[in-house]
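Residue strings, one per chain:
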Amino acid sequence: MSGKNVILFGPPGAGKGTQAAKLREFLDVPHISTGDMFRYHMKNDTALGRTAKEYTNQGKLVPDDVTIAMVKERLARSDARGGFLLDGFPRSVPQAQALDQICKENGITLDHIINISISDEEIRQRLTKRAAIENRADDADPKVIQNRINTYKNQSEPCLDYYRPKGLVRDIAGLGTIDAVFESIKKVFG
Ligand code: AMP
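Residues numbered from 1 in each chain as written. Predicted model: local features only at pLDDT ≥ 70, side-chain atom pairs only at ≥ 80, totals over all residues. Heavy atoms only, no water.

Q: What is the right way to read the packing of helix 2 (residues 34–43) against helix 3 (residues 47–56) from this model?
A: Two measures define how a pair of helices packs: the angle their axes make with one another and the distance between the axes. Axis separation between helix 2 and helix 3 bottoms out at 7 Å; the angle between their running directions is 115 degrees. When the axes of helix 2 and helix 3 are compared, the crossing they make is left-handed. From helix 2, Phe38, His41 and Met42 reach across to helix 3, where they touch Leu48, Gly49, Ala52, Lys53 and Thr56. Across the contact of helix 2 with helix 3, the residue classes break down as 4 nonpolar, 3 polar and 1 charged. (Axes fitted to C-alpha atoms, helices over the stretch in contact; angles between N-to-C directions. Helix = DSSP H or I, 4+ residues; strand = E, 2+ residues; numbered from the N terminus. Left-handed = near helix turned anticlockwise from the far one by under 90°. Contact = heavy atoms within 4.5 Å. Nonpolar A, V, L, I, M, F, W, Y, C, P; charged D, E, K, R; others polar.)

Q: Mind showing me how you'd approach the nonpolar core here?
A: Within soluble globular proteins, side chains that are nonpolar tend to cluster in buried spots. Within the largest apolar cluster, 30 residues are counted, with the highest numbers of intra-cluster contacts made by Ile7, Leu75, Phe84, Leu86, Leu99, Leu110 and Tyr163. Going through the elements one at a time, strand 1 (5–9), helix 2, helix 4 (64–75), strand 3 (84–87), helix 5 (93–106) and helix 9 (158–163) are the ones with two or more residues in this core. Ranked by the residues each element gives to this core, the list is headed by helix 5, at 5 residues. Once residues within four sequence positions are removed from consideration, Leu86 is found in contact with Val6, Ile7, Leu8, Ile32, Val71 and Leu99. Ranked by size, the runner-up nonpolar core spans 21 residues in total, among them Leu27, Ile172, Phe182 and Ile185. (Core = buried A, V, L, I, M, F, W, Y, C linked by side-chain atoms within 4.5 Å. Buried < 20%, exposed > 50% of the residue type's maximum accessible area, 1.4 Å probe, protein only.)

Q: Mind showing me how you'd approach the packing of aromatic side chains here?
A: Aromatic ring pairs are reported here in terms of the distance separating the ring centres and the angle at which the planes meet. As enumerated under the stated definition, the model contains 4 aromatic pairs in all. Judged by centre distance (5.9 Å) and plane angle (45 degrees), the ring pair of Phe9 and Tyr152 falls under tilted. Here Phe9 is found in strand 1, whereas its partner Tyr152 is found in helix 8 (residues 142–156), with 143 residues between them in sequence. Across this residue pair, the class does not change: Phe9 and Tyr152 are buried. An angle of 70 degrees between the planes, with centres 6.4 Å apart, marks the rings of Phe26 and Phe189 as edge-to-face. Pair noted here: Phe26 is in helix 1 (residues 16–27) and Phe189 is in the segment after helix 10 (178–187), with a separation of 163 residues, a long-range link. (Phe/Tyr/Trp six-rings, centres within 6.5 Å; stacked < 30°, edge-to-face > 60°.)

Q: Hey, could you run me through the site of the ligand in this one?
A: Neighbouring residues of the ligand: 16 residues in total, closest Thr34, Arg39, Lys60, Gly88 and Gln95. Contacts to the ligand include Gln95, whose side-chain N or O atom sits 2.9 Å from a nitrogen atom. Protein contact buries 95% of the 480 Å² of open area that the ligand shows by itself. The biggest single contributor to the shell around the ligand is helix 2, with 4 residues. By residue class, the composition of the shell around the ligand is 4 nonpolar, 6 polar and 6 charged. (Near = heavy atom within 4 Å. Polar contact = N/O pair within 3.5 Å; in protein donor to acceptor, adjacent residues only side chain to side chain. Areas by Shrake-Rupley, 256 points an atom, 1.4 Å probe, with all protein chains shown as cover.)

This is the structure we're talking about:
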């Protein structure tokens, strides 16, 4: 099997979390979701959680310095030595650059950026559905959903231009059943 240092990339609602749950088991690596980490902090009302809330509730990115420090600490833990599944990070070019630096310092090489794509209309439909199921404030408001789509296009999508020349991006169509999408993802690992 090819390397296991993996980034799951794609717009909100593309199915990153769903696919991550399956892929973490397949690869046997920790699933590191910055969205889940922020939600944990918000639920426990930590200082980091209170900072994150100001941004997530508006569909904006939590500032890079805060996010990068959190990921740096997480990747330094021993369980990330045999590989990792980063979900929701990087989401800006400065974060991608910072990740390169973190990798360099820790002797890590990135293997795959799995880019799951779906249409804007599909994003809206999926997020609206998820709001009802998961009670996520950032999924419930159409204005916040639009902000998240805009944030993705303006700040996150440019990461693909950063990674493509490095030959790391694996494009996956996100439309289809959960299992069909997972089958396409598995092929990346040969
Ligand atoms: P997610 O569950 O990945 O959709 O993340 C939920 C929210 O957490 C996002 O809309 C952002 O506000 C925040 N967030 C998650 N990951 C990042 C990141 N890498 N950089 C900045 N903010 C993030």
